[in-house]
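What follows is the residue order along each chain.
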Amino acid sequence: CNNSALHPCFYEDEIEIDMCNFSTEYQDGWKAISILIDSGASDSVAPKGFFPEIPMYETNASRANLMYTAAGGNKIRNEGICIPKLYSLSGKASAFAFNVAGVSKALGAVSRIVGAGNRVIFDNPAKEGSYIENKTTGVKTPLRQHNGVYYLDMWMKPGDHVDVKGFHRQGS
């Protein structure tokens, strides 16, 4: 894990935090999270409690008992939405809306990422690698490939979130 191009570091107050050597879930009040990037998901979803101290809000979908169909065919209920502020490994902040559901890990839906003005590139890690590129700014956020799947590695401060008042999600 010595390739800093594939595993950049996050700088907080001039203290370098290296994801490659990150051996605990928390460091200096920050929590490291990995979001599996899923091209087959219709919504970005996360398990309840995945984002510490982030409030979950009811939505029209959760009030209507919207159900997702998992890859195995079982039904999973939409329980609401949470919008944590997440920070890329280079320190750039962004809001990421997740529907809360009975899943085992956070899934970032490619369709939602693209709908928010980005493109998602899956490529050989030995070449340019995989990334999410903001089409307006050109900023590229790297994706990590592990065992054939792609992850977006982020940092968060527990409780740091976007209030849903005035927040309107595309397609809702």
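For the structure itself, consult the block above.
Since this is a predicted model, take the numbers as computed values, not measurements. (Residues numbered from 1 in each chain as written. Predicted model: local features only at pLDDT ≥ 70, side-chain atom pairs only at ≥ 80, totals over all residues. Heavy atoms only, no water.)

### What to know about the environment of Q145
In step 1: Checked against the element boundaries, Q145 lands in strand β15 (residues 144-146).
In step 2: Sequence-distant contacts of Q145, that is, excluding residues within four places in its chain, are made with D123, P125 and Y150. (Helix = DSSP H or I, 4+ residues; strand = E, 2+ residues; numbered from the N terminus. Contact = heavy atoms within 4.5 Å.)

### A closer look at the environment of F51
In step 1: Secondary-structure assignment places F51 in the loop between β5 (45-46) and α1 (60-63).
In step 2: Spatially, the C-alpha atom of F51 lies 6.9 Å from that of P158, the residues being 107 residues apart in sequence.
In step 3: Discounting residues that sit within four places of it in the chain, F51 has contacts with I33, A46, C82, P84, L86, F98 and M156.

### Comments concerning the sheet that holds strand β12 (residues 118-121)
In step 1: On the basis of which strands lie adjacent, the open sheet formed by three strands has the order β12-β13-β14 and antiparallel pairing. Unpaired on one side and paired on the other, β12 and β14 (140-142) mark the two borders of the sheet. The mean angle between the axes of side-by-side strands here comes to 20°, regardless of whether they run parallel or antiparallel.
In step 2: One ladder, built from four bridges, connects β12 with strand β13 (residues 131-134); its direction is antiparallel. Looking at the pairing, N118 lines up with N134 of β13. (Pairing = 2+ DSSP bridges. Axes fitted to C-alpha atoms, helices over the stretch in contact; angles between N-to-C directions.)

### Observations concerning the side chain of N78
In step 1: Counting through the fold element by element, N78 comes out in strand β7 (residues 75-82).
In step 2: Within polar-contact distance, the side chain of N78 engages the side chain of Y68 at 3.0 Å.
In step 3: Each residue touching N78, except ones within four places of it in the same chain, is listed here: T59, A61, S62, L66, Y68, N99 and V100. (Polar contact = N/O pair within 3.5 Å; in protein donor to acceptor, adjacent residues only side chain to side chain.)

### Quick word on the packing of aromatic side chains
In step 1: What the rule picks out here adds up to five aromatic pairs.
In step 2: Where W30 meets Y87, the ring centres are 5.1 Å apart and the plane angle is 90°; that geometry is what we call edge-to-face. Here Y87 lies in strand β8 (residues 85-88) and W30 lies in strand β4 (residues 30-38), a separation of 57 residues in the sequence.
In step 3: For W30, a relative accessible area of 4% gives the class buried.
In step 4: Judged by relative accessible area, Y87 falls into the buried class, the value being 15%.
In step 5: When the ring of F96 is compared with that of F98, the centres are 4.6 Å apart and the planes differ by 20°; the resulting orientation is stacked. With respect to class, F96 is no different from F98; both count as buried.
In step 6: Through a chain of ring-to-ring contacts, the aromatic side chains of F50, F51, F96 and F98 assemble into a single cluster.
In step 7: Lying over the aromatic face of F50, K31 brings its terminal NZ or CZ to 5.1 Å of the ring centre. (Phe/Tyr/Trp six-rings, centres within 6.5 Å; stacked < 30°, edge-to-face > 60°. Buried < 20%, exposed > 50% of the residue type's maximum accessible area, 1.4 Å probe, protein only. Lys NZ or Arg CZ within 6 Å of the ring centre and 35° of its normal.)

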